[in-house]
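Per-entry structural report
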Amino acid sequence: MKITIPNLPQTIETILTLESSFDRRSQTIGQWVDEHRGYIRDNARMVNSHARNHDISILSIFIRDLLVRNIVGEGGQRLYDAFCETVTRKEDLKTENYRKVLTKARYRWGVPVGSAVMSAVVKYFRDDLQWNWSVYFDQAERCREENFPDDQLLRIKHIKFKVRDLALSNFNPNYAAFDLHVTRVVARIGLLAYGWDVTSDNTVEIGTNPSDNKNYLFLHKLFLRMSDLCEAKFSPVDLDRIFWHLGRSKCGATTECDTCPIQKTCLTGEKRASNKQIQRTADRRR
Ligand code: SF4
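Criteria and cut-off values
- Counting restarts for each chain, with residues numbered from 1 along the sequence as it is written.
- With the structure being a predicted model, the display of local features is reserved for residues of pLDDT at least 70 and the display and counting of side-chain atom pairs for 80 or more, all residues being used for whole-chain, interface and lining totals.
- We count a stretch as a helix when DSSP gives it H or I for four or more residues in a row; a strand needs E for two or more, and each element gets its number in order from the N terminus.
- Every radius of gyration here is taken over C-alpha atoms, with the globule rule written as 2.2 Å times N^0.38, N being the number of residues.
- For each residue, a C-beta atom is placed from the backbone, and the residue is labelled near a molecule or strand when this atom is within 6 Å of it.
- Ten residue types, Ala, Val, Leu, Ile, Met, Phe, Trp, Tyr, Cys and Pro, are classed as nonpolar, four, Asp, Glu, Lys and Arg, as charged, and the remainder, Gly among them, as polar.
- For helices, the axis comes from a line fit to the C-alpha atoms of the stretch in contact; other axes are also lines fit to C-alpha atoms, and the angle between any two N-to-C directions lies between 0 and 180 degrees.
- The cut-offs work like this: below 35 degrees is roughly parallel, past 145 is roughly antiparallel, 65 to 115 is roughly perpendicular, and the gaps in between are oblique.
- Two residues qualify as a contact pair if the distance between their C-beta atoms, derived from the backbone, is within 7 Å.
- What makes two strands pair is DSSP finding at least two bridges between them.
- How far each domain reaches was decided by an automatic or database domain assignment.
- For a helix, the expected span equals 1.5 Å multiplied by the residue count minus one.
- Partly exposed residues are those whose C-beta has more than 12 but fewer than 20 other C-beta atoms within 10 Å; 20 or more makes a residue buried and 12 or fewer makes it exposed, with C-beta atoms placed from the backbone.

**Let's talk about the overall build of the protein chain**
Helix and strand content of the protein chain: 12 helices and two strands. Along its sequence from the N terminus, the protein chain presents helices and strands in the succession α-β-β-α-α-α-α-α-α-α-α-α-α-α. Against the 2.2 N^0.38 benchmark of 19 Å for 286 residues, the protein chain shows a C-alpha radius of gyration of 21 Å, consistent with a compact globule. Overall, the protein chain is about 80 × 40 × 30 Å in size when its C-alpha atoms are taken along their principal axes.

Dropping the structure here:
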């Protein structure tokens with residue numbers, strides 16, 4: 001059987017025109033991507049300003065994302081709001097306040113767990129790095145191909161690639177936090193095929209389960225590869241946003257292939273359309 005792998009740049013350009021609704025707002029996926037790029041630019045500006053009054057703002061973004069552990073959206077926002085209300089100065093960085101934040105946010109994994117993670121993260125950025133964010137972000141950029149495996153944050157209990165990348169994705173567009181909703185869409189379209197040769201050794205496995213470390217590393221490399229194939233017009237974070245919104249609007253647990261703009265190029269959409277055509281022809285013959 002001959003399969004034509006979808007042309008990536010063309011497929012992306014088509015998806016960008018699709019409307020997607022999120023947070024009670026509706027706009028094209030292209031506009032969602034632009035909006036998120038603006039957010040990353042603003043955060044990067046904060047880091048590059050080296051102004052000490054931004055330290056708590058940068059830290060609060062890390063705290064929010066490093067503590068989500070598989071819950072995103074409302075749970076993370078609640079924690080972020082509670083942190084910003086309670087911790088406004090560096091003097092507020094103490095255990096009793098972490099406990100207050102987690103209690104106020106009704107932290108799902110328990111106050112002791114959350115408090116231990118917060119303390120360890122604060123210790124790293126405040127005591128070890130002395131708030132020198134550039135040391136951290138420069139290292140992340142240098143190690144982007146391998147997904148920054150020596151990151152000290154990954155030594156903290158409960159912090160794994162996914163939440164670390166979620167935090168990093170607010171500042172560096174080369175790090176995206178993959179979830180099953182995104183990888184399912186990528187697999188359905190047929191884009192996993194672009195990942196056959198992302199590595200020359202046996203340390204990365206092709207797969208779509210972000211909870212598996214080897215699969216996760218494969219996805220990281222695949223998205224970097226796809227970004228290159230788009231001539232860096234779209235970063236891994238852009239691509240993650242694009243497929244996430246496509247998943248929300250057309251390609252979720254149930255698919256709406258008939259009205260999906262990439263049906264003709266998507267391997268799954270094309271196959272379903274062709275199966276329907278075969279069925280219609282068979283029905284007419286009966
Ligand atoms: S054509 Fe169907 S399977 Fe393919 S991306 Fe669109 S909704 Fe998903």
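So that's the structure; there's more coming.
**Structural notes on the site of the ligand**
Residues in close proximity to the ligand total 14 residues, the closest being Cys251, Cys257, Cys260, Cys266 and Gly269. The dominant element in the shell around the ligand, judged by the number of residues it contributes, is helix α9 (residues 180–189), at three residues. Tallied by class, the residues present in the shell around the ligand amount to seven nonpolar, four polar and three charged.

**Quick word on the packing of α9 against helix α11 (residues 236–249)**
The N-to-C vectors of α9 and α11 enclose an angle of 85 degrees; their axes lie 8 Å apart at closest approach. Taken together, the axis directions place α9 and α11 in an arrangement best described as roughly perpendicular. Contacts between α9 and α11 involve His181, Val182, Arg184, Val185 and Val186 on the former and, on the latter, Asp240, Phe243, Trp244, Leu246 and Gly247. Grouping the constituent residues of the contact of α9 with α11 by class yields six nonpolar, two polar and two charged.

**Quick word on the pairing of strand β2 (residues 25–28)**
Strand direction decides the pairing type here: strand β1 (residues 19–22) and β2, joined by four bridges, are antiparallel. The residue of β2 that forms the bridge with Ser21 is Ser26. Joining the antiparallel neighbours β1 and β2 is a turn of two residues, in which Asp23 adopts a positive phi near 55 degrees.

**Considering the domain arrangement of the protein chain**
The assigned domain composition of the protein chain is domain 1 (8–36 + 177–285) and domain 2 (38–168). Relative to domain 2, the C-alpha centre of domain 1 lies at a distance of 29 Å. Between domain 1 and domain 2, the residue contacts involve 11 residues of the former and nine residues of the latter. When residues of the side of domain 1 that touches domain 2 are traced back to their parent elements, those giving at least two are α2 (29–49) and α10 (213–229). Counting residues per element, the side of domain 1 that touches domain 2 draws most heavily on α10, which supplies five residues. Broken down by class, the residue content of the side of domain 1 that touches domain 2 amounts to six nonpolar, three polar and two charged.

**Focus: α10**
In this model, α10 (17 residues) spans 24 Å end to end at C-alpha, consistent with the 24 Å of a helix rising 1.5 Å per residue. Restricting attention to buried positions, one finds in α10 the residues Tyr216, Leu217, Phe218, Leu219, His220, Leu222, Phe223, Leu224, Met226 and Ser227. Buried residues along α10 sit against α1 (8–15), α8 (161–168), α9 and α11. Directly beyond the C-terminal end of α10, a positive phi value near 55 degrees is found at Glu231.

**Structural notes on the environment of Glu256**
Position of Glu256 among the secondary structure elements: in the loop between α11 and α12 (267–285). Once the C-alpha coordinates of Glu256 and Gly269 are considered, the two residues, 13 residues apart in sequence, prove to be 8.9 Å apart.

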